[in-house]
Amino acid sequence: MRPVRLLLALGLAALAGTALAAPPTVTLEGREYVELARAAEVLKARVDASPEGVQAQLKAPGHVITVTRNWSRILVDGVPVTLDAPVRVRQGVWLVPGTFLAQVLPRVQSATAAAGTPALRAAPPPPPVALEELRFRSYPSFTRIVLETASPLSARVEASGGKEARVRLIGLAAEPRTEEIGDGFIQEARLERAGADAILNIVFEGAAGEVKSSFLADPPRLVLDVMRPVEPVAPRDRAGRPGVAPLRVLVLDAGHGGHDSGAVGPGGLQEKDLVLDVTRRVARLLEDKLDVKVRLSRDADQFVALRDRTSFANKERADLFVSIHANAHPHAASAGVETYFLSSEATDSTARQVAALENSVVQLEKTAGRSGNGRLDAVKAILWDLAQSEFQLESSRLAEVVQDSMTQSLRIPNRGVKQAGFYVLGGAAMPAILIEIGFVTNPKEERRLKDSKYRDDIARAIFAGLAEYKKKYDARGRETSPSARAPRDR
C-alpha cells in the first residue's frame, strides 16, 4: 500500500475502531489527491461547491470545513489547518490532498457511531480573527471592499436585496465602525458585532448589487466585489452589431527585448531570446490551426516600452492579449509555471515580487515625457486597474484554461493562477494575461528551456489552452446571438 493510502487507512481505522476502506485517490502533480465529494462521504458532510467557485465547504452538524482553490490552508470550524499540498479543481472536480482526512478527522472526531463510521461533535470555538484594515475602491462596474486580517477569515453572504447586503464574518473581532463610501452605488459599509462574529452591512443608494467574495493570502484578505446592477441589453460585437463576435485577433507579447535582457540563467540563457522563440512558435500554431489573425508586439530583438505593448493591442482591436515571460527567483530550486491577470490586490507577496520584477523594466524606458526615475505612482496603478476591471472575469477564465493546459501537458509544478499589478497588462481593452513559462534561474529548468523540442512542447501547451478558451468563448457567443434565439424556418 502506498504511503498516503496507508496513512489514510490507519487514520480512519484509529478513529472508527475498525479498518474502513480509504477513498480512491488520483495522481496530480506527482501527489495523491482525493475527490472532495468522497472525503465528504467519510465525514458525513454535505458538499457546497461550484466548479467555477473560489471556495467550497463541507457542512456537517456542528462543523464547517472551508477549502479554497489553489490554497493549502483550510479552515476547520474557523481554525486554520495547513495541508501538505494545495486544493485543486480539475475538470470541474474539487480535489484535496490524500492526507486531508487524516488531518481533518482528529479535529472533528467523537465516539464511534452505531453504524461504525466516525461521528462528529462540536469543536471548541476558534480563536478570534483580528481586523487589520478595511478599505474600498470604486470601479465602473463594481465596488471592491477589502478586509485585511491577521489570520485567514471565513465569511458567508447571508442576504442581498432591497437596500442592503449582509455578510457574516465568522470569528472576526472588530469594533463597530461605519465606512462612508458614497460612490453613487454604495452609501456605506457598516461593521457590527453579532456574538462571536461580525456582520458587514452594505447599504446601497439604490438597487442592491450581487456580492462576490474571494480570499487572498500574505497578508490574509477577504475581497468583496459588489457588482453594480445593469439593465439587460442585447450583446453586441465590436462593430456594434447584435451578438458576440467570435475571437478573431490575438496579440502575443514576447517580454523584454533589446537592451532589456530580462532574467538570465546560470548557463547564460536570456529571457528575451527564450520568450521570443516560444512566442513565434505559438503564433505559427495559432495561424495554422485556428481561424485567427496573430499580431506580435515584437518580432525581433528590439526594446518595446511596456505601455506601447497594450497600446499596440488596442490599435489592432485585439480580442486577447497574451504576454509571455520566464521567471526568476533567488532560490535556484524554484520551479514550475504560473499565469497572472491584472489586479491591484496581489494574490500574495510572491505575486507582488514577480510583478515588481517585471515592472522594473520601466526604469529602462527613456521615452520623452516620462519621469527620469521611472517610478510608478499610485494614480497610474489605479488607472490600470480601472482599464482592466471590465475584463477581469474573462482574464481570470483565460488564465485558468491556459494554466491547466500547461501543467497537464508539461507535467511540471503548478504554481497556480494569480493576480498582481503588472504594468504590461494595464490599459488593455480586452482580456489580458501574463504567462511565466518556467524559471531560467533553476539550472535544471534552464537546460530544458534551451531544448528546441521542449520549447515546442511549451508552445503547443499554450496553443491548446488558447484554442480551448476560444472554443468556449465562441460557444457562449453563439448562445447569445439573435440567430441562436430566433425560431428556425421549417
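Residues numbered from 1 in each chain as written. Predicted model: local features only at pLDDT ≥ 70, side-chain atom pairs only at ≥ 80, totals over all residues. Heavy atoms only, no water.

Asker: Help me get a handle on empty space enclosed by the protein, residues and values and all.
Answerer: Following the criterion strictly, the structure yields seven cavities of 30 Å³ or more and no others. Considering only enclosed or pocket space, the largest cavity measures out at about 90 Å³ in volume. Along the wall of the largest cavity there are 15 residues; nearest its centre are W71, L75, P152, L153 and F215. Looking at the lining of the largest cavity, the elements with two or more residues in it are β5 (63-68), β6 (73-76), β18 (210-216) and β19 (221-227). Take the lining of the largest cavity: its biggest share by element is three residues, from β6. Among the residues making up the lining of the largest cavity, the classes are represented as nine nonpolar, four polar and two charged. (1 Å grid on protein atoms, 1.4 Å probe; cavity = no way out; pocket = protein on both sides within 12 Å on 5 of 7 lines; lining within 4 Å. Points joined across faces, edges and corners; volume = space filled by probe spheres on them. Helix = DSSP H or I, 4+ residues; strand = E, 2+ residues; numbered from the N terminus. Nonpolar A, V, L, I, M, F, W, Y, C, P; charged D, E, K, R; others polar.)

Asker: Quick one: what's the story with the pattern of salt bridges, residue by residue and with numbers?
Answerer: Summed over all chains, the structure comprises 30 salt bridges. With a closest N to O distance of 3.1 Å, R135 and E133 form a salt bridge. Three or more residues are tied together by salt bridges with common partners; here these are R156, E158, R166, R168 and D197. (Salt bridge = Lys/Arg side-chain N within 4 Å of Asp/Glu carboxyl O.)

Asker: How would you sum up unusual backbone geometry? Please name residues and give values.
Answerer: Its identity is not glycine, yet Q91 carries a phi of approximately 50°, on the positive side. In this fold, Q91 is placed in the loop between β8 (88-90) and β9 (93-97). The exposed category is assigned to Q91, whose relative accessible area is 78%. Positive phi, normally seen in glycine, also occurs at R411, with a value near 55°. Of note, R411 is situated in the loop between α8 (392-410) and β24 (414-420). (Buried < 20%, exposed > 50% of the residue type's maximum accessible area, 1.4 Å probe, protein only.)

Asker: Before we move on, could you go through the packing of aromatic side chains and cite the residues and values that matter?
Answerer: One pass over the structure, following the stated rule, counts two aromatic pairs. On the basis of an interplanar angle of 45° and a centroid distance of 5.3 Å, the ring pair of F185 and F204 is categorised as tilted. With F185 in the loop between β15 (177-180) and β16 (186-194) and F204 in strand β17 (residues 197-204), the pair connects residues that are 19 residues apart, well separated along the chain. Across the pair, exposure class does not vary: F185 and F204 are buried alike. The side chain of R69 reaches across the aromatic face of W94, ending 5.8 Å from its centre. (Phe/Tyr/Trp six-rings, centres within 6.5 Å; stacked < 30°, edge-to-face > 60°. Lys NZ or Arg CZ within 6 Å of the ring centre and 35° of its normal.)

Asker: Any chance you could break down helix α2 (residues 36-43) for me, citing the residues and the numbers?
Answerer: The set of residues buried in α2 consists of L36, A39, A40, V42 and L43. Projected down its long axis, α2 carries its buried residues within an arc of 160°, all on one side. Trailing α2 by a residue or two, K44 shows a phi angle of about 55°, which is positive. (Arc of directions from axis to C-beta.)

Asker: Give a description of the nonpolar core that names residues and reports values.
Answerer: If you look at the biggest cluster of nonpolar residues, it comprises 46 residues, and the most contacted ones within it are V282, L286, M406, I437, I458, I462 and L466. Taken together, the elements giving at least two residues each to this core come down to β20 (249-254), α4 (271-289), β22 (320-327), β23 (337-342), α8, β25 (432-439) and α10 (452-480). With 10 residues, α10 is the single largest residue contributor to this core. The contacts of I437, once residues within four sequence positions are left out, are L274, V278, I324, H325, A326, V337, M406, L449, I458 and I462. Residues I145, L147, L200 and A208 belong to the second largest nonpolar core, which totals 28 residues. (Core = buried A, V, L, I, M, F, W, Y, C linked by side-chain atoms within 4.5 Å. Contact = heavy atoms within 4.5 Å.)

Asker: Got a sec to walk through the packing of α2 against helix α3 (residues 100-108)? Specific residues and values, please.
Answerer: Interaxial distance between α2 and α3 falls to 11 Å at its minimum, and their mutual angle equals 30°. In terms of orientation, α2 and α3 fall into the roughly parallel class. Here α2 runs over α3; the crossing is right-handed. Two secondary-structure elements touch here, α2 through A39, V42 and L43 and α3 through F100, L101, V104, L105 and V108. Looking at the contact of α2 with α3 residue by residue, the class counts come to eight nonpolar, no polar and no charged. (Axes fitted to C-alpha atoms, helices over the stretch in contact; angles between N-to-C directions. Parallel < 35°, antiparallel > 145°, perpendicular 65-115°, else oblique. Left-handed = near helix turned anticlockwise from the far one by under 90°.)

Asker: Please set out the sheet that holds strand β4 (residues 55-60) residue by residue, giving values where relevant.
Answerer: An order of β3-β4-β5-β6-β7 is seen for the five strands of this open sheet, with the pairing classed as antiparallel. Of all strands in the sheet, those with a lone pairing partner are β3 (46-48) and β7 (79-82), marking the two edges. Going from strand to strand, the sheet's axes swing by 25° on average, the running direction of each strand aside. Across the face of the sheet, α2 comes into contact with β3, β4 and β5 while running at roughly 20° to β4. (Pairing = 2+ DSSP bridges.)

Asker: Explain the sheet that holds strand β11 (residues 142-149) to me, and be specific about the residues and the numbers.
Answerer: In spatial order, the strands read β14-β10-β11-β19-β18; together these five strands make up an open sheet with mixed pairing. Each edge of the sheet is formed by a strand with only one pairing partner; in this case those strands are β14 (172-173) and β18. The sheet contact formed by β18 and β19 spans seven bridges and is antiparallel. Across the sheet, residue L216 finds its bridge partner in β19, namely R221.

Asker: If you had to explain the confidence of the model for the chain to someone new, which residues and values would you point to?
Answerer: Residues of the chain with pLDDT of at least 70 account for 74%, and the chain-wide mean is 79. Looking over the chain, one finds the lowest element-wise mean pLDDT in helix α1 (residues 3-16), namely 45, and the highest in α4, namely 97. Low pLDDT, under 50, characterises residues 484-490; the predicted model gives this stretch four contacts beyond four residues in sequence or across chains. (pLDDT = per-residue confidence, 0-100.)

Asker: Give me the side chain of D225: which residues, what numbers.
Answerer: Note that D225 resides in strand β19. Given a relative accessible area of 13%, D225 falls into the buried group. At 2.8 Å, the side chain of D225 and the side chain of R144 are in polar contact. Apart from residues no more than four positions distant in its own chain, D225 is found in contact with F142, T143, R144, E210, V211, K212 and Q392. (Polar contact = N/O pair within 3.5 Å; in protein donor to acceptor, adjacent residues only side chain to side chain.)

Asker: Outline the environment of R31, supporting the account with residue identities and numerical values.
Answerer: Mapped onto the fold, R31 is located in strand β2 (residues 31-35). Looking at R31, the relative accessible area reads 42%, which means it is partly exposed. With 53 residues separating them along the chain, R31 and D84 place their C-alpha atoms 9.8 Å apart.

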